[in-house]
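Notes for the structure review
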Amino acid sequence: MSSSMDVEASGGAADERGHTMVPPKKKQIRWGLLLFYAAFMAVGTIGGPLLQRLYFIHGGSRKWLSSCLQTIGFPFMFVPLFYLYTRRFGRRKTKFFIGPKLFFASAFMGMLVGVDNYLYSAGLASLPVSTSSLLFATQLAFTAIFAFIIVRQKFTFYSINSVILMTLGAVVLALHTNNDRPPGVSHGKYFMGFFFTLAGAVLLGFILPCIEFCYSKAGQAVTYTVVMQFQVVFTLSGTIFCLIGMAINNDFQIIPREAKDFEMGEVKYYVVAAVIAFDEKFTGEKGISLALCLWGFTSYFVGEYKRAGRQVPSIEPEEVEDDGF
């Protein structure tokens, strides 16, 4: 009796077996760092498709090259990793490098993302960037479905609503394709691009819950350092996969010739450093699809925010290492 009163006085509770139920410590959100990462994500998500479409519009045709460029920036992640390593150098109580399980899992996931990069590039070669982006946004709906299957994340009203809305958005685009085909793209190539992009969204929706599953089976604390190393191996593997595709497709031999024939000039073939806008038609169907996607995204975000707010107390939680990020 006295022990249970002591537990209650300390802010905890006891379960029926006598274990102390300790509320999890709330970790302070580093808003500055979060906004910094969000800004980089926004630049990459918006600028990447624009530059890829620019490449295809002005004479580029190497889909494997376009795929490789989506992950080849991974060496930049060595900078924060090196900083973290120097901070923890000499500490014996914790290990720095990820274990074999996560290493091989990230390498395999990277090969899948290499396939996903190719599907997206092949779709973007035949679709307007606005249509491609709206289609690819449906990956959020597929993420919800695969998260339910793989990591047993329960469906809520918000996630079901998101799946339905984004599916309707894709259907609206599929039913009104005649007004959206770029000049010189046949009906067959347009539909191939449509389904390649949709397949890429499905695959990415599968990959993301798989990564969460890998973290849950890692056998080690998933810290910032672990996530960064996972991402390095992940993107390195995807880049190697695409480089192999480039070699098989003879891209390395063709790239110099393609650069000389590039409509915007050889220099801009290798470096495009400008803000680009395309004169694409934004039809009513695209407006409906965009509204449905934004509604679906908002619904999913609100659901995830509410779910994250419901924290369940854990029994004797382990000490989780803080990387300082």
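Refer to the preceding data block for the structure.
Summarised in this report is the structure supplied together with it. (Residues numbered from 1 in each chain as written. Predicted model: local features only at pLDDT ≥ 70, side-chain atom pairs only at ≥ 80, totals over all residues. Heavy atoms only, no water.)

Moving on, we come to the nonpolar core. Counting 19 residues, the largest nonpolar core has Leu-102, Met-109, Ile-207, Ile-211, Phe-230 and Phe-234 as the members making the most contacts within it. Looking at this core, the elements with two or more residues in it are helix 5 (100–124), helix 9 (187–216) and helix 10 (224–248). Residue contributions to this core peak at seven residues, all from helix 5. Beyond its immediate stretch of four places on either side in the chain, Leu-102 contacts Cys-214, Tyr-215, Ala-218, Gln-220, Val-226 and Phe-230. (Core = buried A, V, L, I, M, F, W, Y, C linked by side-chain atoms within 4.5 Å. Buried < 20%, exposed > 50% of the residue type's maximum accessible area, 1.4 Å probe, protein only. Helix = DSSP H or I, 4+ residues; strand = E, 2+ residues; numbered from the N terminus. Contact = heavy atoms within 4.5 Å.)

This part covers the environment of Gly-219. When you line up the elements, Gly-219 lands in the loop between helix 9 and helix 10. For Gly-219, a relative accessible area of 75% corresponds to the exposed category. Distance in space between the C-alpha atoms of Gly-219 and Gly-99 is 8.3 Å, their sequence separation being 120 residues.

Moving on to the layout of surface pockets. Roughly 350 Å³ of internal volume is contained in the second largest pocket. Looking at the second largest pocket, it is lined by 17 residues, and the ones nearest its centre are Lys-63, Ala-125, Ser-126, Val-185 and Lys-189. At the level of elements, helix 2 (31–57), helix 5 and helix 9 are the ones that each hand at least two residues to the lining of the second largest pocket. With four residues, helix 9 is the single largest residue contributor to the lining of the second largest pocket. Split into classes, the residues belonging to the lining of the second largest pocket amount to nine nonpolar, five polar and three charged. (1 Å grid on protein atoms, 1.4 Å probe; cavity = no way out; pocket = protein on both sides within 12 Å on 5 of 7 lines; lining within 4 Å. Points joined across faces, edges and corners; volume = space filled by probe spheres on them. Nonpolar A, V, L, I, M, F, W, Y, C, P; charged D, E, K, R; others polar.)

Attention now goes to unusual backbone geometry. Phi is mostly negative for residues that are not glycine, and the peptide bonds are mostly trans. Within the chain, Asn-250 stands out as a residue other than glycine whose phi angle is a positive 60 degrees. By secondary structure assignment, the location of Asn-250 is in the loop between helix 10 and helix 11 (251–261).

Each pair of packed helices gets described by two things: the angle between the helix axes and the distance between those axes. Orientation of helix 5 relative to helix 10, taken along the N-to-C sense of each, is 45 degrees, at an axis distance of 7 Å. When the axis of helix 5 is compared with that of helix 10, the two are oblique. When the axes of helix 5 and helix 10 are compared, the crossing they make is right-handed. Side by side, helix 5 and helix 10 meet where Leu-102, Phe-103, Ser-106, Ala-107, Met-109, Gly-110, Met-111, Val-113, Gly-114, Val-115 and Asn-117 of the first sit next to Val-226, Phe-230, Val-233, Phe-234, Ser-237, Gly-238, Phe-241 and Cys-242 of the second. (Axes fitted to C-alpha atoms, helices over the stretch in contact; angles between N-to-C directions. Parallel < 35°, antiparallel > 145°, perpendicular 65-115°, else oblique. Left-handed = near helix turned anticlockwise from the far one by under 90°.)

Once that is clear, we can look at the packing of aromatic side chains. Aromatic ring pairs are defined here through the distance separating the ring centres and the angle between the ring planes. Overall, the coordinates contain eleven aromatic pairs when judged by the stated rule. With a centroid separation of 6.3 Å and 90 degrees between ring planes, the pair formed by Tyr-190 and Phe-191 is classed as edge-to-face. Ring centres of Phe-191 and Phe-195 lie 6.2 Å apart, and the angle between their planes is 25 degrees; on these two criteria the pair is classed as stacked. Residue Phe-191 and its partner Phe-195 are both found in helix 9; the two are separated by four residues, about one turn of the helix. Three or more aromatic residues link up through ring pairs in this structure, and these residues are Tyr-190, Phe-191, Phe-194 and Phe-195. (Phe/Tyr/Trp six-rings, centres within 6.5 Å; stacked < 30°, edge-to-face > 60°.)

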